[in-house]
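Chain and residue survey
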Amino acid sequence: MKTIYCIAPPNEERRAYLEPHFTLVAEADLDDPKAWLAENGSGIEMILTSGFYGFGDHYLELMPDLKLVSTNSVGYDGIDARALAQRGIILTHTPTVLDAEVATTAVLLYLSCYRNFEAELANARTGAWAKTGNLPLPHTGDGRKVGILGLGRIGKATAAKLEAFDCTIAYYGRSKQDVAYEYYDDPIALARDCDALVSILPGGAATQHLLNKDVFEALGPDGVLVNVGRGSSLNQVELIEALSTGKLGWAGLDVFEDEPNIPQGLRDLPNTILLAHVGSATVETRWAMAKLAMDNLINFANGKPLISPVPESKGLI
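Residues numbered from 1 in each chain as written. Predicted model: local features only at pLDDT ≥ 70, side-chain atom pairs only at ≥ 80, totals over all residues. Heavy atoms only, no water.

Within the protein chain, the secondary structure is distributed over 13 helices and twelve strands. Relative to the 2.2 N^0.38 estimate, which gives 20 Å for 317 residues, the radius of gyration of the protein chain is 22 Å and therefore close to what a compact globule would have. Seen through its principal axes, the protein chain has C-alpha atoms that stretch 65 × 50 × 35 Å. Considering only contacts in the protein chain between residues 6 or more positions apart, those separated by 24 or more positions represent 57%. Surface exposure of the protein chain reaches about 15,600 Å², of which carbon and sulfur atoms provide 51%. (Helix = DSSP H or I, 4+ residues; strand = E, 2+ residues; numbered from the N terminus. Rg over C-alpha atoms; globule rule 2.2 N^0.38 Å. Contact = heavy atoms within 4.5 Å. Areas by Shrake-Rupley, 256 points an atom, 1.4 Å probe, with all protein chains shown as cover.)

This structure, assessed with the given rule, holds ten salt bridges. A salt bridge links E19 to R15; the shortest N-O distance between them is 3.9 Å. When the shortest N-O distance is used, the salt bridge between R153 and D99 registers 3.9 Å. You can see R153 sitting in helix α8 (residues 153-163) and its partner D99 sitting in helix α5 (residues 99-114), a full 54 residues away along the chain. Relative accessible area serves as the criterion here: at 45%, R153 is assigned to the partly exposed category. For D99, a relative accessible area of 10% corresponds to the buried category. When salt bridges that share partners are traced, they join K2, E45 and K67 into one network. (Salt bridge = Lys/Arg side-chain N within 4 Å of Asp/Glu carboxyl O. Buried < 20%, exposed > 50% of the residue type's maximum accessible area, 1.4 Å probe, protein only.)

Under the counting rule described, the total for this entry stands at seven aromatic pairs. Measuring from centroid to centroid gives 5.1 Å for Y110 and Y114, while their planes differ by 70°, and the two rings are edge-to-face. Separated by four residues within a single helix, Y110 and Y114 lie in helix α5, roughly one turn from each other. By the burial criterion, Y110 is buried, and Y114 matches it. An angle of 50° between the planes, with centres 5.2 Å apart, marks the rings of Y171 and Y183 as tilted. Taken together, the residues Y171 in strand β7 (residues 168-172) and Y183 in strand β8 (residues 182-184) connect sequence positions twelve residues apart. Following the ring pairs from residue to residue traces out a cluster consisting of Y5, W36, F55 and Y59. (Phe/Tyr/Trp six-rings, centres within 6.5 Å; stacked < 30°, edge-to-face > 60°.)

This part covers the sheet that holds strand β2 (residues 22-26). Here we have five strands laid out as an open sheet, ordered β2-β1-β3-β4-β5, and parallel in their pairing. At either margin of the open sheet sits one strand with a lone partner, and together these are β2 and β5 (90-92). Between one strand axis and the next, the sheet turns through 20° on average, direction left out of account. When strand β4 (residues 68-71) meets β5, the two strands line up parallel, connected through three bridges. Following the sheet pairing, V69 is matched in β5 by L91. (Pairing = 2+ DSSP bridges. Axes fitted to C-alpha atoms, helices over the stretch in contact; angles between N-to-C directions.)

For S50, the position within the fold is in the loop between β3 (46-49) and α3 (58-62). With relative accessibility at 10%, the residue S50 sits in the buried group. For the pair S50 and P9, spaced 41 residues apart in sequence, the C-alpha to C-alpha distance is 9.4 Å. Apart from residues no more than four positions distant in its own chain, S50 is found in contact with A8, T71, N72 and S73.

Our focus in this paragraph is the pairing of strand β10 (residues 224-227). Neither face of β10 is open: one carries V224 and V226, the other L225 and N227, and all of them are buried. Of the pairings in the sheet, the one linking strand β9 (residues 196-199) to β10 comprises four bridges and is parallel in character. Bridge pairing in β10 places A196 opposite V224. After leaving β9, the chain enters helix α10 (residues 213-219) and then returns to the sheet as β10, a path that is right-handed. In the sheet, β10 pairs with strand β11 (residues 250-253) via four bridges, with the strands oriented parallel. Bridged to V224 within β11 is W250. Traced from β10 through helix α11 (residues 236-244) to β11, the parallel crossover comes out right-handed. (Right-handed = clockwise from strand over helix to strand, strands pointing away.)

Coordinates in, geometry out; function isn't part of it.
Structure below.
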């Protein structure tokens, strides 16, 4: 049997799926992974990882026969796909299967901001309602103009769900698409014209701190910002300042710059809804992602077509 080196620890269910096909070596089970790979890395052709665990350059040195890296994530900004391709190594990821779930999370954050749900839940659960009565009325999320930053698969799924709330959709991206939504080539102009922004931007240098004080101030004191893309696209220091001074109304965040560390300044603000990067975190969606990542490995081992190689790897197939 071929060996798969698992940077991301496989749980019992994933072991059961892979073990009929492969010998698994889980990095978490090794006392000294680098020493083990120095002795055993030759001949290992496949790696299973995830967006959280990534892929370090040292694996290239320790596994000279590596041919495929399969990441259990749609995003792969933590993996240098071009560098892998230059070495003839294919990278696969898990697009499509998580689109609907992340879009649902974006809409939940959007509605929770407008309806002040965290405070409303606490008012009921703590018994404060019986003592001090209702909280001040929140606002509706219905009928708003919402700007989507990053109108890919998840962006389109989010837009479709927001349309059910009679929202008008506009979007920002690298280029105009053949869609019915209004296109903006400037995120500040989009923010100025919208009630809310939902960011599904990828990571990387091109989007680093694209969401900054200029965008926040353009969105305004009644504006809502939702981020389910990458934490690196958002300047957290400037966001805290905008939220605390009333220059921006609300922020609903599922991603952060230094996960799992969330700045105390964000956690202390009453006008934030914060989640622990759970955009795709349901049993059903996480299994669909894991299965796709594992099926890429199984197909590769059996000489069958890969299901979801990243664009940078398609020249190798």
